[in-house]
Amino acid sequence: MILRARTVVTMDDPPIENGAVVISGNRVLDVGEFPEISARHSGQELVDLGEQALLPGLINAHCHLDYTCLRGKIPPKKSFADWIRAINAEKAKLSEQDYLASIADGFAEAKRFGTTTIANLTAFPELIPQVHPPIRTWWFAELIDVRDPNRTSDLVALAIDAMKRARDSGGGIGLAPHALFTASANLYRRCEAIAQCENILVTTHLAEAREEMSMFHDASGPLYEFLKSIGRDMSDCGHETPFARFTKIVGGSGGPALPTEWIVAHVNELAESDFEQLEGSARKFHVVHSPRSHDYFAHSRFPFERLRSFGFNICLGTDSLASNKDLSLFAEMRAFQRREPALSPKAVLEMVTVNAARALGKPQVLGRIRTNCFADLIAIPCSETADVFEEILAFEQPVDWMMVAGKT
Ligand SMILES: [Zn+2]
């Protein structure tokens, strides 16, 4: 099949005017200017998308579809610990069926907004085999052992077993020790060890809130008090920053480069000593920033420029609808651009295409339009005059045309 469009945005080269993409099965077979493509592949079925830009489907590098049904339910709180209490209270009202419906609604909404690949953290890995993802999905089992640190090994084994029974969506699986304040060092090390010997990714939330910094660095603050009150062993607090603690647990301070590449969400709270370590580190893990969720929580400014200048791969995610309005990555790109107006629209689009593909370990086949890449594409209207990347970022409608793995 040949797809023709006014502009083809490959993410490799400048956009191709009057471009075309040849699809064979679930892959891209060829891409170029329409006259040459149609000559090289004569006799193929032609689908003319008209006055549209054809681009790679968007990749959401961090979300929790479990909580799609919590949209608008939790107003912003003064304290991060209060927000955790509030979401726990909402979660206590939900049944397994509610979560399955919430996940299905989340997938439908993400797809409607042009997302063709999603990295989805679920707190209920046992439900995964029952879900039919309509888009390419990386399932991450979100693991918490703060209330039961003796069950850590079982927790990981059960999660991996459930994820291996996931319906094939063309994605993969991963482990997500939730955060330093809810997951033990033992749990982090176990996930790290498994990721090193199996084809499993690892992600976590790190240095998100000011209260996390005061908990680990100063052994004080609302998050410290809350976790102490539920019986957490607080002996790891009062010594170092969250980032220093993380690197000590998973890599050993100043140790060799890690063989696995963590996908780290947030990283808003860094001390100058952390920046020094980041700058000198050979470990350039992936960072996911969720601009609108970040604004909802009024977190400290995300240190985008410094992290980028140190060579970290920075992606965008929506986080969950317990702290965001919708699952549109277009809206996420616009929110990010408002904070970083000097960044080009193309560089912003890279954060939800090629950068996210790298984070998921698929830079050769995801996030761009190139021979042998997965045929995961979207089309949006574009005009003759405007800069196509600006038009993409400004797009506010549901996406009418989408292809995932060669299927529309
Ligand atoms: Zn999250």
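Quantities reported herein were computed from a predicted structural model and do not represent experimental measurements. (Residues numbered from 1 in each chain as written. Predicted model: local features only at pLDDT ≥ 70, side-chain atom pairs only at ≥ 80, totals over all residues. Heavy atoms only, no water.)

As for the environment of Ala92
The line we're drawing: Only DSSP runs of H or I covering at least 4 residues are called helices, and only runs of E covering at least 2 are called strands; the numbering of each starts at the N terminus.
Examined against the element boundaries, Ala92 turns out to sit in the loop between helix H2 (80-91) and helix H3 (96-112). Distance from Ala92 to Val156, taken between C-alpha atoms, is 23 Å for residues 64 residues apart in sequence.

Thoughts on the sheet that holds strand E13 (residues 313-316)
Our working definition: Only strands joined by at least two bridges in the DSSP assignment are considered to pair. Lines fitted to C-alpha atoms define the axes, with helix axes restricted to the stretch in contact, and inter-axis angles between N-to-C directions lie between 0 and 180 degrees. Throughout, a residue-residue contact means that at least one pair of heavy atoms, one from each residue, lies within 4.5 Å.
The strand order across the open sheet formed by eight strands is E6-E7-E8-E9-E10-E11-E12-E13, and the pairing between neighbours is parallel. Two strands lie at the open edges of the sheet, namely strand E6 (58-63) and E13, each paired on one side alone. Each strand of the sheet is rotated relative to its neighbour by a mean of 25°, with strand direction disregarded. Pairing of strand E12 (residues 286-289) with E13 involves four bridges; the strand directions are parallel. Residue His286 lies in a different strand from E13, and its bridge partner there is Asn313. Seen against the sheet, helix H5 (residues 185-197) touches strand E8 (136-143), strand E9 (172-177) and strand E10 (201-206) and runs at an angle of roughly 160° to E9.

Some remarks on helix H4 (residues 152-164)
Operational definition: The span one expects for a helix is its residue count, reduced by one, times 1.5 Å. Think of it in three bands: residues with accessible area under 20% of the maximum for their type are buried, residues over 50% are exposed, and the middle band is partly exposed, with areas taken using a 1.4 Å probe on protein chains only. The directions from the helix axis to the C-beta atoms are what the arc is built from.
An ideal rise of 1.5 Å per residue puts 18 Å on 13 residues; H4 measures up with 19 Å between its terminal C-alpha atoms. Residues Thr152, Leu155, Val156, Ala159, Ile160, Ala162 and Met163 constitute the buried set of H4. An end-on view of H4 places all buried positions within 165° of arc, on one side of the element. Away from the buried face of H4 by more than 90 degrees, exposed residues Leu158 and Lys164 are located.

Quick word on the pairing of E12
We count it as follows: Note on handedness: a crossover is taken as right-handed if, strands pointing away from the viewer, the path from the first strand over the helix to the second is clockwise.
Side chains His286 and Val288 of E12 all project onto a buried face; the interleaved residues Val287 and His289 project onto the opposite face, where all are buried too. Remark: the strand E11 (residues 263-266)/helix H9 (residues 272-280)/E12 crossover connection has right-handed handedness.

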